[in-house]
Amino acid sequence: MTDVTGAPADVLHTLFHSDQGGHEQVVLCQDRASGLKAVIAIHSTALGPALGGTRFYPYANEAEALADALNLARGMSYKNAMAGLDHGGGKAVIIGDPERIKTEELLLAYGRFVASLGGRYVTACDVGTYVADMDVVARECRWTTGRSPENGGAGDSSVLTAFGVYQGMRASAQHLWGDPSLRGRRVGIAGVGKVGHHLVEHLMAEGAEVFVTDVRAKAVRRVTERHPSVTAVADTDALIRVEGLDIYAPCALGGALNDSSVPVLTARVVCGAANNQLAHPGVEKDLADRGILYAPDYVVNAGGVIQVADELHGFDFDRCKAKAAKIYDTTLAIFARAKDDGIPPAAAADRIAEQRMAEGRAARGW
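I will try to describe carefully the structure that is included in this document. (Residues numbered from 1 in each chain as written. Predicted model: local features only at pLDDT ≥ 70, side-chain atom pairs only at ≥ 80, totals over all residues. Heavy atoms only, no water.)

### Concerning the packing of helix α6 (residues 158-177) against helix α13 (residues 317-325)
Think of two packed helices as two axes; the pair is described by the angle between the axes and how far apart they sit.
1) Next: Across the interface, α6 lies against α13 with an axial gap of 9 Å and an inter-helix angle of 30 degrees. Overall, the two elements α6 and α13 adopt an arrangement that is roughly parallel. In this structure, α6 meets α13 at a crossing whose hand is right-handed. Contacts between α6 and α13 pair Leu-160, Phe-163, Gly-164 and Gln-167 from the former with Phe-317, Cys-320, Lys-321, Ala-324 and Ala-325 from the latter.
2) Next: Along the lines of polarity and charge, the residues of the contact of α6 with α13 split into six nonpolar, two polar and one charged. (Axes fitted to C-alpha atoms, helices over the stretch in contact; angles between N-to-C directions. Helix = DSSP H or I, 4+ residues; strand = E, 2+ residues; numbered from the N terminus. Parallel < 35°, antiparallel > 145°, perpendicular 65-115°, else oblique. Left-handed = near helix turned anticlockwise from the far one by under 90°. Contact = heavy atoms within 4.5 Å. Nonpolar A, V, L, I, M, F, W, Y, C, P; charged D, E, K, R; others polar.)

As structure tokens, this is what we get:
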């Protein structure tokens, strides 16, 4: 069954009726001259203007793009709340293969749509978009972060995203093994693109044993040529089965933890940069039942959003890195809350984030 727009009805049910919905605003954007088709989803502005990146991806259909935008926007509300930012959650997706259709005209058209929201949504980079793209978008929209230093921005936010994930790994090691050191730990990284290859640097500097995979052979070569001791494996399915793996880091697209992967996962810890790693509600319990410690994705990958939020107030890298370092303490606090409440860490993180958002709504009289 479809709705009046032709989209599957279950998408609108998600938006208006399910626990995964509750979004304040969803904007469908089209500019036929440039070929732009995009979705901007604002989940919450309880803590301030919605902040989240722009994903440029060749979705199978428009309904899939809309569902991704809704999920990602909701995740940003929780991420920004847990990061202590005065921002709500939003996300945008541009439909299409960025290698084929991304043009200056399309990005400018997209910038005009973001600008039309008057600051309710602040955009940044995500999968398929880069600093140079945000420089173009910013020509039409002042609510654009992730720009180059030459254009008043902070540059590549993946540096601090990786640093935050690294801090989450250290906290996981402290909680599980009583020592934050990752020396000698076997860490598998699925996806060594914008964030993953920076994460490799942190792990190699500490003396971890690193395994990597990526759908792009070029991305793997970049890592293995720089670090010959890094082991490349064929694919994610092989990576999660590596014998004696201590930590698994999903750093590509979402849904990595599902009914197929969790039963065969050899790692004791999951801590990665990808958004929406849990394929569906209940996966967090499956992980807990297997004794696998899950560091909630939106907590440990918040370094990038900390950086782009700071850009709005005059960027200072040292200040941002200090904030991102606190991801270590936040992750430990979540593990402690999970133990006290007898719930998985993902549920504990949700409770803390929801409490902060509720306090934001109350302060605004909503």
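### A look at the pairing of strand β4 (residues 54-57)
1) Next: In the sheet, β4 pairs with strand β5 (residues 88-95) via four bridges, with the strands oriented parallel. Residue pairing in the sheet places Phe-56 in a bridge with Ile-94 of β5.
2) Next: Handedness of the β-α-β unit built from β4, helix α2 (residues 62-82) and β5 comes out right-handed. (Pairing = 2+ DSSP bridges. Right-handed = clockwise from strand over helix to strand, strands pointing away.)

### Brief notes about the packing of aromatic side chains
1) Next: One pass over the full model with this rule turns up three aromatic pairs.
2) Next: Here the aromatic rings of Tyr-57 and Tyr-59 are separated by 5.1 Å at their centres, their planes lie at 70 degrees, and the arrangement is edge-to-face.
3) Next: Tyr-57 gets classed as partly exposed once you look at its relative accessible area, which sits at 27%.
4) Next: Among the residues examined, Tyr-59 registers a relative accessible area of 8% and is labelled buried.
5) Next: Both rings, one in Tyr-78 and one in Tyr-298, keep their centres 5.7 Å apart while their planes meet at 65 degrees; by these two values the pair is edge-to-face. With Tyr-78 in helix α2 and Tyr-298 in helix α11 (residues 297-300), this pair connects stretches of sequence that are 220 residues apart. (Phe/Tyr/Trp six-rings, centres within 6.5 Å; stacked < 30°, edge-to-face > 60°. Buried < 20%, exposed > 50% of the residue type's maximum accessible area, 1.4 Å probe, protein only.)

### Side note on the environment of Asp-156
1) Next: Position of Asp-156 relative to the elements: it lies in the loop between α5 (131-137) and α6.
2) Next: The class of Asp-156 is partly exposed, set by a relative accessible area of 37%.
3) Next: A C-alpha to C-alpha distance of 9.3 Å links Asp-156 and Val-308, two positions 152 residues apart in sequence.

### Let's talk about the sheet that holds strand β11 (residues 269-270)
Strand pairing in a sheet takes place through backbone hydrogen bonds and is either antiparallel or parallel in direction.
1) Next: Pairing in this open sheet of six strands is parallel, and the strands run β9-β8-β7-β10-β11-β12 from one edge to the other. Whereas interior strands pair on both sides, the edge strands pair on one side only; in this sheet they are β9 (231-232) and β12 (293-294).

### Here's the deal with unusual backbone geometry
1) Next: Even without being a glycine, Asn-276 presents a positive backbone phi close to 55 degrees.
2) Next: Its location among the elements puts Asn-276 in the loop between β11 and α10 (283-289).

### A few points about the packing of helix α12 (residues 303-311) against α13
1) Next: Across the interface, α12 lies against α13 with an axial gap of 9 Å and an inter-helix angle of 145 degrees. Considering only the axes of α12 and α13, their crossing is right-handed. Here Gly-303, Ile-306, Gln-307 and Asp-310 of α12 lie close against α13, whose contacting residues are Arg-319, Cys-320, Lys-323 and Ala-324.
2) Next: Its residues assigned to classes, the contact of α12 with α13 shows three nonpolar, two polar and three charged.

### Quick word on α6
1) Next: The end-to-end C-alpha distance of α6 is 28 Å, a good match for the 28 Å that 20 residues give at a rise of 1.5 Å each.
2) Next: Two residues or fewer past α6, Gly-178 is found with a positive phi of approximately 80 degrees. (Expected span 1.5 Å × (residues − 1).)

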